[in-house]
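Understanding the architecture of this molecule
Given next are the chains, with one letter for each unit.
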Amino acid sequence: MTTEDTTDRRKRLDGLRGTIAGAGSKNDLIDAIDAALAVSAPVGDQATLDTLAKRYRDQADDAAQLHDRADRISRSGLPQVWVGETSVLASGVVAAAARDAQRMSEAFEGGGKALLTLADALKAAKSTDGDGRAKLSEARGMLGGKDGFFDDWWEDDGEEAARTKARSLASTGVGLRHDAAVAADDAARAAARDLNKWATEARAGAMHTGQLTAADRLMLADTSNPGGDPELNEILTANDLERSGRAMDALSPADRARMDQLLAGATTPQEKAYLMKSLAAGYSVDEVETFDKKIHGKDPVWLREHLSPVTTGNGPSVTGKERQTFDGKLWDQDGETCVPSSTVTARALVDPVYALELTGGPDGTDDDPEHFRKRLTDEQLRMHEEGDGSNSGWWWDREPAGMDSDGQVEISNKELSPHTGDHYESHDMGGADDRRGMLPDIEKSVAEGKPVPINIERTDEQGDWHGHSMMIIGQEGDKLQIYNPWGTTTWVSEEDFVKGDLSAAADDRYSAAHEGNVNRVYIEQD
């Protein structure tokens, strides 16, 4: 018996539903039933999952008690004592520890719940699959052996009635097996999504470095931009924390001393976090020091406005678009530059040095919104040329007219890879199964803080094809956060993504009525 992954199993059984229903001869029906019986059953040990879930929940209780103790201490009025290599207040550390313990408790509780849900779904799926397999076996027994070459040419009324009855029973059986495969596949994906997300909540632990104290790591992981839910606006992503930790360990003693001094001199936790984010983005200590001179002493609101192109005010339960602006000017595309425009914003999300060059100019002080708009457009055009984008119009009045997949791969790897550590490859998504199969990789990437480019398409009233590029930048539960280079972010459901309908993040022209579709993703797969 072959063993398929959960997506292959549901696809194969879905195809066999049609094959069995359309089988016009006894031998064809026997072959189809044998193929359906050869598909592997849902796998997974419910007892093991239950045991793991209980262990997670026990850990959640311990973490909740730790949170309560740390929270009481943080509220008791600690003296203003400085601790750690980077000089953070003890009161701030204890408050951060309380929040971290709360997140840890929620992560263990969420992980336990995900495992229990998976265990229950697998139990039900195995039962349904067993029922389906029994009906298929019964149908197969009703048919007996295969007909000979000439016998298969003709059947009498009794043979036809037996075949029809067996086909009906087999159709029910393969339908049950398909239902079980769908339930097991959906449950496995939901568990993978939730466990990946909860794993990224162990934020302080992601910074594997001996060069910072536990207090330093805790405070850096806890720091968010103002203006929205702190957990949706954390400055350092899980990927930033890991990369900055590796970078700190790789510094020479002299550079390490300079970096320590820069961190110790930061006037706010946000300033300190952005210095570490610049190190995570691949900059040298010399470059971080230059960056520090531009942002030193700035308040958290200034830092958010200049260093983060996206502020998430809407939670995942909120429908509708959220505008992303700098001083009234949208972070949006100029002309047919959706590919480079989404890449510019994605790079600004992961590279604060680059973000400041756009919002503040070479010295970081040019706040004029019109100048920001010109710099943004210039960068979009630079990347358009870098990716060998298409142009339209006469030679003296050329305008961007889109970019192909090869160009999008090129600029993603040139502009994003050095700052995220990922490599970008193009993957066509021909249907719901392909999109469903890509979801775990997409959600893992964005949970770690790595933007994922996607393409959508539509057909207009004249039958002409149109494409558009957007960026997946966040994930919470079963919702994905989409940045559209029209200057907005939107939360959409996994279900809509799988269906290929991201009109909520674009407009009705990309709905199913206009053959809207999500046809390509750019991501590295193992």
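Here, every reference points to the structure presented above.
Residues numbered from 1 in each chain as written. Predicted model: local features only at pLDDT ≥ 70, side-chain atom pairs only at ≥ 80, totals over all residues. Heavy atoms only, no water.

**Some words on the overall build of the protein**
- Secondary structure summary: the protein contains 19 helices and 13 strands in total.
- Counting over 526 residues, the protein shows a buried share of 51%.
- Relative to all contacts within the protein whose residues are 6 or more apart in sequence, the contacts with residues 24 or more apart total 70%.
- When the accessible surface of the protein is split by element, carbon and sulfur atoms take 50% of a total near 23200 Å². (Helix = DSSP H or I, 4+ residues; strand = E, 2+ residues; numbered from the N terminus. Buried < 20%, exposed > 50% of the residue type's maximum accessible area, 1.4 Å probe, protein only. Contact = heavy atoms within 4.5 Å. Areas by Shrake-Rupley, 256 points an atom, 1.4 Å probe, with all protein chains shown as cover.)

**So, helix H8 (residues 238-250)**
- Between the first and last C-alpha of H8 there are 19 Å, a value that for 13 residues agrees with the 18 Å anticipated at 1.5 Å per step.
- Those residues of H8 lying buried are Ala-238, Asn-239, Asp-240, Leu-241, Arg-243, Ser-244, Gly-245, Ala-247 and Met-248. (Expected span 1.5 Å × (residues − 1).)

**Quick look at the pairing of strand E11 (residues 479-484)**
- Of all 6 residues in E11, 5 are buried, a share of seventy percent or more.
- Looking at chain direction, strand E10 (residues 465-476) and E11 are connected through 5 bridges and run antiparallel. The partner of Glu-476 across the bridge, within E11, is Lys-479.
- Where E10 hands over to E11, the hairpin turn is made up of 2 residues, of which Gly-477 adopts a positive phi near 60°.
- Bridging between E11 and strand E12 (residues 488-493) involves 6 bridges; their strand directions are antiparallel. (Pairing = 2+ DSSP bridges.)

**A short note on a negative patch on the surface**
- A surface patch of like charges, here negative, comprises Glu-385, Asp-388, Asp-404 and Asp-406.
- Following the sequence through the fold, Asp-388 ends up in the loop between helix H15 (369-386) and strand E6 (391-392).
- Note on Asp-388: relative accessible area 64%, which makes it exposed. (Patch = residues over 30% accessible without salt bridge, like charges linked within 9 Å, V, L, I, M, F, W, Y side chains within 5 Å. Salt bridge = Lys/Arg side-chain N within 4 Å of Asp/Glu carboxyl O. Lys, Arg positive; Asp, Glu negative; His and termini not counted. Charge placed at Lys NZ, Arg CZ, Asp CG, Glu CD.)

**Description of the sheet that holds strand E13 (residues 517-522)**
- The strand order across the open sheet formed by 7 strands is E3-E12-E11-E10-E9-E13-E8, and the pairing between neighbours is antiparallel. Bordering the open sheet on either side are strand E3 (322-323) and strand E8 (426-428), each of which pairs with just one other strand.
- Its contacts with the sheet put helix H13 (residues 338-350) on E10 and E11, and the angle it makes with E10 is roughly 15°.
- Taken strand by strand, helix H18 (residues 432-448) contacts E8, strand E9 (452-459), E10, E11 and E13, and its axis lies near 50° from that of E10. (Axes fitted to C-alpha atoms, helices over the stretch in contact; angles between N-to-C directions.)

**Overview of the packing of aromatic side chains**
- On inspection of all chains with the given rule, the structure shows 2 aromatic pairs.
- Counting every residue linked through ring pairs, the aromatic cluster contains Phe-326, Trp-331 and Phe-372.
- Sitting over the face of the ring of Tyr-354, Arg-347 holds its NZ or CZ atom 4.0 Å from the ring centroid.
- Residue placement shows Arg-458 over the ring face of Tyr-510; its charged tip is 5.3 Å from the ring centre. (Phe/Tyr/Trp six-rings, centres within 6.5 Å; stacked < 30°, edge-to-face > 60°. Lys NZ or Arg CZ within 6 Å of the ring centre and 35° of its normal.)

**Considering the nonpolar core**
- Membership of the largest hydrophobic core comes to 25 residues, with the highest contact counts inside it found for Met-259, Leu-275, Phe-291 and Ile-295.
- Examining the composition of this core, we find that 5 residues originate from one element, helix H10 (residues 269-280), more than from any other.
- Not counting residues up to four positions away in its chain, the partners in contact with Leu-275 are Met-259, Leu-262, Leu-263, Val-288, Phe-291, Asp-292 and Ile-295.
- By size, the runner-up hydrophobic cluster in this structure holds 22 residues, among which are Val-446, Val-452, Met-470 and Tyr-510. (Core = buried A, V, L, I, M, F, W, Y, C linked by side-chain atoms within 4.5 Å.)

**Focus on empty space enclosed by the protein**
- Scanning all chains against the criterion turns up 1 cavity of 30 Å³ or more.
- Here the largest cavity defines a volume of roughly 640 Å³.
- What lines the largest cavity is a set of 35 residues, among which Leu-232, Glu-234, Thr-237, Gly-449 and Ile-473 lie closest to the centre.
- Of all the elements in the fold, those that place two or more residues in the lining of the largest cavity are helix H5 (157-200), H10, H13, H18 and E10. (1 Å grid on protein atoms, 1.4 Å probe; cavity = no way out; pocket = protein on both sides within 12 Å on 5 of 7 lines; lining within 4 Å. Points joined across faces, edges and corners; volume = space filled by probe spheres on them.)

**Focus: the pattern of salt bridges**
- Counted by the stated rule, this structure contains 31 salt bridges.
- Between Arg-382 and Glu-379 there is a salt bridge, with the nearest N and O atoms lying 2.8 Å from each other. Here Arg-382 pairs with Glu-379, and both are found in helix H15, just 3 residues apart, close to one helical turn.
- Relative accessible area serves as the criterion here: at 15%, Glu-379 is assigned to the buried category.
- Between Lys-499 and Asp-496 there is a salt bridge, with its nearest N and O atoms 3.5 Å apart.

**Observations regarding the pairing of E13**
- Counting buried residues in E13 gives 6 out of 6 residues, a clear majority hidden from the surface.
- Two elements, E8 and E13, share 3 bridges in a ladder whose sense is antiparallel. Counterpart to Asp-428 in the pairing with E13 is Arg-520.

**Section: the environment of Ala-190**
- Note that Ala-190 resides in helix H5.
- For the pair formed by Ala-190 and Asp-478, sequence separation is 288 residues and the distance between their alpha carbons is 8.0 Å.

**Describing unusual backbone geometry**
- Look at Asp-327: it is not a glycine, yet its phi comes out positive at around 50°.
- In this structure, Asp-327 sits in the loop between strand E4 (325-326) and strand E5 (329-330).
- With relative accessibility at 52%, the residue Asp-327 sits in the exposed group.
- At Glu-515, a residue that is not glycine, the phi angle is positive and equals roughly 55°.
- For Glu-515, a relative accessible area of 56% corresponds to the exposed category.

**Comments concerning the packing of helix H9 (residues 253-265) against helix H11 (residues 285-295)**
- One can describe the packing of H9 onto H11 by two numbers: an axis separation of 10 Å at closest approach and a directional angle of 20°. In terms of axis orientation, H9 runs roughly parallel to H11. Our pair here, H9 against H11, has a crossing hand that is left-handed. Where H9 abuts H11, its residues Asp-255, Arg-258, Met-259 and Leu-262 lie against Val-285, Asp-286, Val-288, Glu-289 and Asp-292.
- Tallied by class, residues from the contact of H9 with H11 come to 4 nonpolar, no polar and 5 charged. (Parallel < 35°, antiparallel > 145°, perpendicular 65-115°, else oblique. Left-handed = near helix turned anticlockwise from the far one by under 90°. Nonpolar A, V, L, I, M, F, W, Y, C, P; charged D, E, K, R; others polar.)

Shape is all these values report; function is a separate question.
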